[in-house]
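Observations on the model geometry
Each chain, letter by letter, is given below.
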Amino acid sequence: MQDIKELNLKTLEDKLLSWGSPKYHARGIFNWIYQKGVYEFSQMSNLPISLRGLLAKEYLILSLHLADTQKSSDGTTKFLFELADKNLVEAVNIPMVKRASTGKTANRLHSTTGCISSQAGCKFGCSFCASGQKGFKRNLSAGEILDEVLYLKNNTSIGNLTHIVFMGTGEPLDNYDHLLKAIRIINSPDAFNVGARRITISTCGIIPGIKKLAQEDLQVELSISLHAAVDKLRNQLMPVNNKYPLATLIKCCQEYITKTNRQITFEYILIKGVNADAVAAGNLVKLLKDLRLAKVNLIPANCVAESKIFPPDDAQIDYFKQYLIKSGLNVTLRRERGQDIDAACGQLRLKYEKI
Ligand code: SAH
(Lines give C-alpha, C1' and ligand atoms only; values in the text may rest on other atoms or scores of the structure.)
Protein backbone atom coordinates (compact mmCIF):
# COMPACT_ATOMS: atom_id res chain seq x y z
CA MET A 1 0.00 0.00 0.00
CA GLN A 2 1.22 3.47 -0.83
CA ASP A 3 0.72 6.62 1.21
CA ILE A 4 -1.55 8.93 -0.79
CA LYS A 5 0.05 11.93 0.91
CA GLU A 6 3.20 11.29 -1.12
CA LEU A 7 1.22 12.65 -4.10
CA ASN A 8 0.89 16.36 -4.74
CA LEU A 9 -2.20 17.72 -6.47
CA LYS A 10 -0.70 17.33 -9.94
CA THR A 11 0.48 13.74 -9.48
CA LEU A 12 -2.88 12.79 -7.93
CA GLU A 13 -4.67 14.37 -10.90
CA ASP A 14 -2.47 12.33 -13.27
CA LYS A 15 -3.29 9.17 -11.33
CA LEU A 16 -7.04 9.85 -11.56
CA LEU A 17 -6.77 10.50 -15.31
CA SER A 18 -4.94 7.18 -15.73
CA TRP A 19 -8.00 5.50 -14.15
CA GLY A 20 -10.35 7.37 -16.49
CA SER A 21 -11.64 9.56 -13.63
CA PRO A 22 -11.97 13.33 -13.99
CA LYS A 23 -9.02 15.14 -12.50
CA TYR A 24 -11.18 17.56 -10.49
CA HIS A 25 -11.74 14.81 -7.93
CA ALA A 26 -8.12 15.33 -6.84
CA ARG A 27 -9.08 18.64 -5.19
CA GLY A 28 -12.01 16.90 -3.53
CA ILE A 29 -9.74 14.16 -2.16
CA PHE A 30 -7.28 16.77 -0.86
CA ASN A 31 -10.17 18.54 0.83
CA TRP A 32 -11.37 15.35 2.55
CA ILE A 33 -7.89 14.44 3.78
CA TYR A 34 -6.28 17.75 4.68
CA GLN A 35 -9.22 19.97 5.56
CA LYS A 36 -11.95 17.61 6.76
CA GLY A 37 -9.47 15.20 8.36
CA VAL A 38 -10.99 11.97 7.07
CA TYR A 39 -8.84 8.81 7.35
CA GLU A 40 -11.03 6.47 5.22
CA PHE A 41 -11.76 6.72 1.50
CA SER A 42 -15.15 5.13 2.16
CA GLN A 43 -16.21 8.29 3.99
CA MET A 44 -15.57 10.56 0.99
CA SER A 45 -19.27 10.71 0.27
CA ASN A 46 -19.19 12.96 -2.79
CA LEU A 47 -16.83 10.69 -4.74
CA PRO A 48 -18.16 7.92 -6.99
CA ILE A 49 -18.21 4.62 -5.07
CA SER A 50 -16.05 2.96 -7.75
CA LEU A 51 -13.35 5.62 -7.29
CA ARG A 52 -13.44 5.22 -3.50
CA GLY A 53 -12.86 1.48 -4.05
CA LEU A 54 -9.90 2.05 -6.40
CA LEU A 55 -8.31 4.49 -3.95
CA ALA A 56 -8.76 2.15 -0.97
CA LYS A 57 -7.17 -0.73 -2.87
CA GLU A 58 -4.00 1.19 -3.68
CA TYR A 59 -3.55 3.82 -0.99
CA LEU A 60 -3.74 4.48 2.70
CA ILE A 61 -4.21 7.89 4.34
CA LEU A 62 -2.66 7.60 7.80
CA SER A 63 0.11 5.11 8.48
CA LEU A 64 1.07 5.86 12.09
CA HIS A 65 -0.52 4.75 15.34
CA LEU A 66 -0.75 6.60 18.60
CA ALA A 67 1.45 4.84 21.19
CA ASP A 68 1.17 7.27 24.08
CA THR A 69 0.00 10.78 24.89
CA GLN A 70 0.61 13.28 27.70
CA LYS A 71 -1.31 16.47 28.39
CA SER A 72 0.23 19.32 30.36
CA SER A 73 -1.63 21.60 32.73
CA ASP A 74 -0.86 24.46 30.28
CA GLY A 75 -2.72 22.63 27.49
CA THR A 76 0.39 21.41 25.66
CA THR A 77 -0.23 17.88 24.42
CA LYS A 78 2.49 15.51 23.42
CA PHE A 79 1.86 12.53 21.15
CA LEU A 80 4.14 9.54 20.73
CA PHE A 81 3.58 7.77 17.41
CA GLU A 82 4.58 4.34 16.27
CA LEU A 83 5.46 4.18 12.58
CA ALA A 84 4.71 1.17 10.35
CA ASP A 85 8.20 -0.26 11.05
CA LYS A 86 7.77 0.24 14.84
CA ASN A 87 10.08 3.26 15.05
CA LEU A 88 8.80 5.94 17.41
CA VAL A 89 8.48 9.68 16.81
CA GLU A 90 7.01 12.53 18.83
CA ALA A 91 4.91 15.55 17.95
CA VAL A 92 3.47 18.22 20.21
CA ASN A 93 0.47 20.54 20.07
CA ILE A 94 1.15 23.86 21.81
CA PRO A 95 -1.94 26.04 22.26
CA MET A 96 -1.51 29.81 22.11
CA VAL A 97 -3.84 32.53 23.32
CA LYS A 98 -3.56 35.99 21.84
CA ARG A 99 -5.47 39.10 22.72
CA ALA A 100 -6.99 40.89 19.77
CA SER A 101 -8.70 44.21 20.18
CA THR A 102 -11.68 44.71 17.92
CA GLY A 103 -13.15 48.13 18.64
CA LYS A 104 -14.07 48.26 22.29
CA THR A 105 -14.09 44.53 22.95
CA ALA A 106 -10.99 42.46 23.52
CA ASN A 107 -11.28 38.99 22.04
CA ARG A 108 -9.11 36.05 22.90
CA LEU A 109 -7.83 34.29 19.83
CA HIS A 110 -6.99 30.65 20.21
CA SER A 111 -4.67 28.81 17.91
CA THR A 112 -2.22 25.95 18.07
CA THR A 113 1.39 25.44 17.03
CA GLY A 114 2.35 21.93 15.96
CA CYS A 115 5.89 20.81 16.76
CA ILE A 116 6.90 18.16 14.24
CA SER A 117 9.68 15.54 14.04
CA SER A 118 11.58 15.14 10.79
CA GLN A 119 13.61 12.00 11.60
CA ALA A 120 13.32 8.96 13.85
CA GLY A 121 16.19 9.55 16.26
CA CYS A 122 18.95 12.04 15.48
CA LYS A 123 22.58 11.67 14.41
CA PHE A 124 23.85 15.02 15.69
CA GLY A 125 24.28 14.18 19.37
CA CYS A 126 23.89 17.61 21.02
CA SER A 127 24.87 17.09 24.65
CA PHE A 128 21.81 18.80 26.15
CA CYS A 129 19.18 17.15 23.95
CA ALA A 130 17.29 13.93 24.61
CA SER A 131 16.58 13.27 20.92
CA GLY A 132 19.97 11.90 19.98
CA GLN A 133 20.58 9.78 23.03
CA LYS A 134 19.42 6.58 21.32
CA GLY A 135 21.15 7.45 18.04
CA PHE A 136 19.74 7.81 14.56
CA LYS A 137 17.14 5.45 13.13
CA ARG A 138 16.07 6.88 9.78
CA ASN A 139 14.62 9.77 7.82
CA LEU A 140 10.86 10.20 7.83
CA SER A 141 9.15 10.18 4.44
CA ALA A 142 7.12 13.24 3.38
CA GLY A 143 3.99 11.17 4.00
CA GLU A 144 5.06 10.39 7.57
CA ILE A 145 5.82 14.06 8.29
CA LEU A 146 2.35 14.89 6.94
CA ASP A 147 0.88 12.09 9.10
CA GLU A 148 2.06 13.99 12.17
CA VAL A 149 0.57 17.25 10.92
CA LEU A 150 -2.72 15.56 10.05
CA TYR A 151 -2.96 13.90 13.44
CA LEU A 152 -2.15 17.13 15.28
CA LYS A 153 -4.67 19.10 13.21
CA ASN A 154 -7.38 16.55 14.03
CA ASN A 155 -6.50 16.60 17.72
CA THR A 156 -6.05 20.24 18.68
CA SER A 157 -7.87 20.89 21.93
CA ILE A 158 -8.12 24.64 21.34
CA GLY A 159 -8.48 26.53 18.04
CA ASN A 160 -6.98 25.53 14.72
CA LEU A 161 -3.51 24.34 13.85
CA THR A 162 -2.11 27.61 12.50
CA HIS A 163 1.67 27.29 12.94
CA ILE A 164 4.14 24.48 12.28
CA VAL A 165 7.64 24.30 13.77
CA PHE A 166 10.17 21.63 12.84
CA MET A 167 11.58 21.48 16.35
CA GLY A 168 10.72 17.90 17.21
CA THR A 169 13.13 15.00 16.93
CA GLY A 170 15.74 15.01 14.17
CA GLU A 171 17.45 17.52 11.94
CA PRO A 172 15.10 18.80 9.23
CA LEU A 173 17.87 19.99 6.88
CA ASP A 174 19.43 16.51 7.04
CA ASN A 175 16.20 15.22 5.43
CA TYR A 176 15.92 18.05 2.95
CA ASP A 177 13.94 16.62 0.03
CA HIS A 178 11.25 14.94 2.15
CA LEU A 179 11.02 18.04 4.34
CA LEU A 180 10.48 20.37 1.38
CA LYS A 181 7.97 18.00 -0.22
CA ALA A 182 5.98 17.96 3.04
CA ILE A 183 6.25 21.74 3.50
CA ARG A 184 4.82 22.38 0.03
CA ILE A 185 1.73 20.36 0.98
CA ILE A 186 1.48 22.01 4.43
CA ASN A 187 1.62 25.37 2.62
CA SER A 188 -0.72 24.45 -0.27
CA PRO A 189 -4.12 26.21 -0.25
CA ASP A 190 -5.64 22.91 -1.43
CA ALA A 191 -4.16 21.03 1.54
CA PHE A 192 -3.31 22.36 5.05
CA ASN A 193 -3.05 25.97 3.85
CA VAL A 194 -0.60 27.05 6.57
CA GLY A 195 1.16 30.23 5.39
CA ALA A 196 4.89 29.84 4.74
CA ARG A 197 5.65 32.55 7.31
CA ARG A 198 3.95 30.38 9.90
CA ILE A 199 6.25 27.43 9.17
CA THR A 200 9.61 27.38 10.98
CA ILE A 201 12.57 25.17 10.14
CA SER A 202 15.00 24.83 13.04
CA THR A 203 18.50 23.60 12.25
CA CYS A 204 21.66 22.84 14.19
CA GLY A 205 23.51 24.63 11.35
CA ILE A 206 23.69 22.38 8.29
CA ILE A 207 25.31 24.82 5.86
CA PRO A 208 24.51 23.06 2.54
CA GLY A 209 20.84 22.88 3.62
CA ILE A 210 20.71 26.59 4.51
CA LYS A 211 22.26 27.43 1.12
CA LYS A 212 19.68 25.32 -0.71
CA LEU A 213 16.82 26.81 1.30
CA ALA A 214 17.93 30.31 0.30
CA GLN A 215 17.27 29.35 -3.34
CA GLU A 216 13.69 28.10 -2.78
CA ASP A 217 10.67 30.24 -3.60
CA LEU A 218 9.35 29.80 -0.05
CA GLN A 219 9.08 32.41 2.68
CA VAL A 220 9.50 29.99 5.58
CA GLU A 221 11.07 31.07 8.87
CA LEU A 222 14.58 29.87 9.66
CA SER A 223 15.90 29.26 13.19
CA ILE A 224 19.49 28.36 13.96
CA SER A 225 20.17 26.48 17.19
CA LEU A 226 23.26 28.36 18.31
CA HIS A 227 23.65 27.81 22.07
CA ALA A 228 27.28 28.98 22.16
CA ALA A 229 29.14 31.84 20.48
CA VAL A 230 32.68 30.46 20.53
CA ASP A 231 33.85 27.31 18.73
CA LYS A 232 35.46 25.68 21.77
CA LEU A 233 32.20 25.56 23.72
CA ARG A 234 29.97 24.95 20.71
CA ASN A 235 32.12 21.96 19.69
CA GLN A 236 31.46 20.49 23.14
CA LEU A 237 27.73 21.16 23.16
CA MET A 238 27.05 20.50 19.49
CA PRO A 239 29.52 18.18 17.70
CA VAL A 240 28.15 19.40 14.33
CA ASN A 241 30.16 22.58 14.96
CA ASN A 242 33.36 20.67 14.17
CA LYS A 243 32.07 20.23 10.63
CA TYR A 244 30.40 23.63 10.24
CA PRO A 245 32.21 26.03 12.61
CA LEU A 246 30.84 29.42 13.65
CA ALA A 247 32.69 31.65 11.17
CA THR A 248 31.41 29.70 8.15
CA LEU A 249 27.94 29.33 9.70
CA ILE A 250 27.58 33.07 10.31
CA LYS A 251 28.90 33.87 6.82
CA CYS A 252 26.30 31.48 5.38
CA CYS A 253 23.58 33.17 7.48
CA GLN A 254 24.65 36.58 6.17
CA GLU A 255 24.35 35.28 2.60
CA TYR A 256 20.92 33.80 3.39
CA ILE A 257 19.71 37.16 4.76
CA THR A 258 21.10 39.06 1.77
CA LYS A 259 19.48 36.65 -0.71
CA THR A 260 16.07 36.34 1.00
CA ASN A 261 15.83 39.59 2.95
CA ARG A 262 14.38 37.47 5.74
CA GLN A 263 15.21 37.49 9.43
CA ILE A 264 16.99 34.55 11.07
CA THR A 265 16.22 33.61 14.67
CA PHE A 266 19.15 32.33 16.72
CA GLU A 267 17.98 29.96 19.45
CA TYR A 268 20.14 30.12 22.56
CA ILE A 269 19.43 27.71 25.44
CA LEU A 270 20.64 29.20 28.71
CA ILE A 271 22.42 26.47 30.67
CA LYS A 272 23.53 27.15 34.24
CA GLY A 273 27.31 27.23 34.64
CA VAL A 274 27.89 26.65 30.91
CA ASN A 275 26.88 29.51 28.60
CA ALA A 276 24.92 32.00 30.69
CA ASP A 277 27.46 34.44 32.19
CA ALA A 278 28.58 37.94 31.14
CA VAL A 279 31.51 36.60 29.08
CA ALA A 280 29.14 34.35 27.11
CA ALA A 281 26.76 37.27 26.58
CA GLY A 282 29.67 39.39 25.32
CA ASN A 283 30.73 36.66 22.90
CA LEU A 284 27.19 36.39 21.58
CA VAL A 285 27.01 40.12 20.94
CA LYS A 286 30.37 40.02 19.16
CA LEU A 287 29.24 37.14 16.93
CA LEU A 288 25.88 38.59 15.88
CA LYS A 289 26.23 42.36 16.05
CA ASP A 290 26.99 42.87 12.36
CA LEU A 291 24.31 40.50 11.16
CA ARG A 292 21.44 42.40 9.62
CA LEU A 293 17.97 40.96 10.48
CA ALA A 294 19.03 38.67 13.31
CA LYS A 295 16.95 37.91 16.39
CA VAL A 296 18.03 36.01 19.50
CA ASN A 297 15.52 33.76 21.24
CA LEU A 298 16.65 32.84 24.75
CA ILE A 299 15.33 29.58 26.17
CA PRO A 300 16.05 28.59 29.79
CA ALA A 301 17.28 24.98 29.46
CA ASN A 302 14.77 22.24 29.99
CA CYS A 303 16.12 19.63 32.40
CA VAL A 304 16.85 16.36 30.66
CA ALA A 305 17.45 13.71 33.30
CA GLU A 306 20.20 11.92 31.39
CA SER A 307 22.30 15.00 30.63
CA LYS A 308 22.14 16.83 33.99
CA ILE A 309 21.61 20.35 32.65
CA PHE A 310 19.76 23.08 34.50
CA PRO A 311 18.49 26.57 33.71
CA PRO A 312 20.14 29.57 35.43
CA ASP A 313 18.13 31.41 38.08
CA ASP A 314 15.74 34.18 37.03
CA ALA A 315 18.11 37.01 37.96
CA GLN A 316 20.84 35.60 35.73
CA ILE A 317 18.43 35.01 32.85
CA ASP A 318 17.29 38.62 33.15
CA TYR A 319 20.88 39.91 33.32
CA PHE A 320 21.80 37.96 30.17
CA LYS A 321 18.75 39.26 28.32
CA GLN A 322 19.34 42.90 29.35
CA TYR A 323 23.01 42.66 28.36
CA LEU A 324 22.01 41.65 24.82
CA ILE A 325 19.29 44.30 24.59
CA LYS A 326 21.65 47.06 25.76
CA SER A 327 24.13 45.93 23.13
CA GLY A 328 21.52 46.47 20.43
CA LEU A 329 20.41 42.90 19.72
CA ASN A 330 16.77 42.02 19.09
CA VAL A 331 15.92 39.57 21.91
CA THR A 332 12.97 37.45 23.02
CA LEU A 333 12.74 35.06 25.96
CA ARG A 334 10.77 31.86 25.51
CA ARG A 335 9.51 29.93 28.47
CA GLU A 336 9.45 26.22 27.82
CA ARG A 337 5.94 24.85 27.55
CA GLY A 338 4.70 21.56 28.88
CA GLN A 339 7.46 21.15 31.45
CA ASP A 340 5.35 18.79 33.50
CA ILE A 341 5.01 16.33 30.59
CA ASP A 342 8.55 15.76 29.32
CA ALA A 343 7.95 18.11 26.41
CA ALA A 344 11.64 18.80 25.74
CA CYS A 345 12.80 17.13 22.57
CA GLY A 346 12.83 13.37 22.62
CA GLN A 347 11.97 12.98 26.27
CA LEU A 348 8.73 11.08 25.85
CA ARG A 349 10.29 8.68 23.37
CA LEU A 350 13.28 8.18 25.64
CA LYS A 351 11.08 7.35 28.58
CA TYR A 352 9.04 4.93 26.50
CA GLU A 353 12.03 3.12 25.03
CA LYS A 354 13.58 2.61 28.44
CA ILE A 355 10.60 0.65 29.70
N1 SAH B 1 17.77 19.61 14.93
C2 SAH B 1 17.04 20.83 14.94
C3 SAH B 1 15.61 20.72 15.44
C4 SAH B 1 15.37 19.92 16.69
S5 SAH B 1 15.76 20.60 18.24
C6 SAH B 1 17.81 21.89 15.71
O7 SAH B 1 18.86 21.58 16.23
O8 SAH B 1 17.39 23.04 15.72
C9 SAH B 1 14.64 21.92 18.49
C10 SAH B 1 15.13 22.93 19.52
O11 SAH B 1 15.06 22.42 20.87
C12 SAH B 1 16.57 23.30 19.28
O13 SAH B 1 16.78 24.67 19.37
C14 SAH B 1 17.26 22.53 20.39
O15 SAH B 1 18.51 23.03 20.61
C16 SAH B 1 16.26 22.70 21.53
N17 SAH B 1 16.49 21.80 22.68
C18 SAH B 1 16.99 20.56 22.69
N19 SAH B 1 17.16 20.12 23.95
C20 SAH B 1 16.73 21.09 24.77
C21 SAH B 1 16.67 21.24 26.19
N22 SAH B 1 17.07 20.28 27.01
N23 SAH B 1 16.17 22.40 26.69
C24 SAH B 1 15.75 23.39 25.86
N25 SAH B 1 15.80 23.31 24.52
C26 SAH B 1 16.29 22.17 23.96
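Quick notes on the site of the ligand
The full set close to the ligand counts 21 residues, and E171, S202, S225, H227 and N302 are the nearest of them. At a separation of 2.6 Å, an oxygen atom of the ligand approaches a polar side-chain atom of S202. Considering the ligand on its own, with 530 Å² of exposed area, one finds that the protein chains cover 95% of that surface. When contributions to the shell around the ligand are tallied by element, the ones reaching two or more residues are β10 (199-203) and β12 (264-270). Residue composition of the shell around the ligand, by class: 11 nonpolar, 7 polar and 3 charged.

As for unusual backbone geometry
One can expect most non-glycine residues to show negative phi and most peptide bonds to be in trans. A positive phi is found at H227, a non-glycine position, where the angle reads about 65°. The topology assignment puts H227 in the loop between β11 (221-225) and α7 (231-237). Look at H227 and you get buried, because its relative accessible area is 4%. Backbone geometry at N261 places phi at a positive 60°, although glycine is not the residue there. With respect to the helices, strands and loops of the structure, N261 is situated in the loop between α9 (246-260) and β12. Judged by its relative accessible area of 52%, N261 falls in the exposed class.

Observations concerning the packing of aromatic side chains
Within this structure, the stated rule accounts for 7 aromatic pairs. Both rings, one in Y34 and one in F192, keep their centres 4.9 Å apart while their planes meet at 70°; by these two values the pair is edge-to-face. Of the two residues, Y34 sits in helix α2 (residues 25-35) while F192 sits in the loop between α5 (176-187) and β10, which places them 158 residues apart along the sequence. Considered together, Y34 and F192 belong to a single accessibility category, that of buried residues. Aromatic side chains F79 and Y151 sit 5.5 Å apart centroid to centroid with 70° between the ring planes, which places their arrangement in the edge-to-face category. In this pair, F79 sits in strand β4 (residues 77-82) while Y151 sits in helix α4 (residues 142-154), placing the two residues 72 residues apart along the sequence. Each member of the pair, F79 as well as Y151, is classed as buried.

Definitions and limits used
- Residues numbered from 1 in each chain as written.
- Predicted model: local features only at pLDDT ≥ 70, side-chain atom pairs only at ≥ 80, totals over all residues.
- Heavy atoms only, no water.
- Near = heavy atom within 4 Å.
- Polar contact = N/O pair within 3.5 Å; in protein donor to acceptor, adjacent residues only side chain to side chain.
- Areas by Shrake-Rupley, 256 points an atom, 1.4 Å probe, with all protein chains shown as cover.
- Helix = DSSP H or I, 4+ residues; strand = E, 2+ residues; numbered from the N terminus.
- Nonpolar A, V, L, I, M, F, W, Y, C, P; charged D, E, K, R; others polar.
- Buried < 20%, exposed > 50% of the residue type's maximum accessible area, 1.4 Å probe, protein only.
- Phe/Tyr/Trp six-rings, centres within 6.5 Å; stacked < 30°, edge-to-face > 60°.

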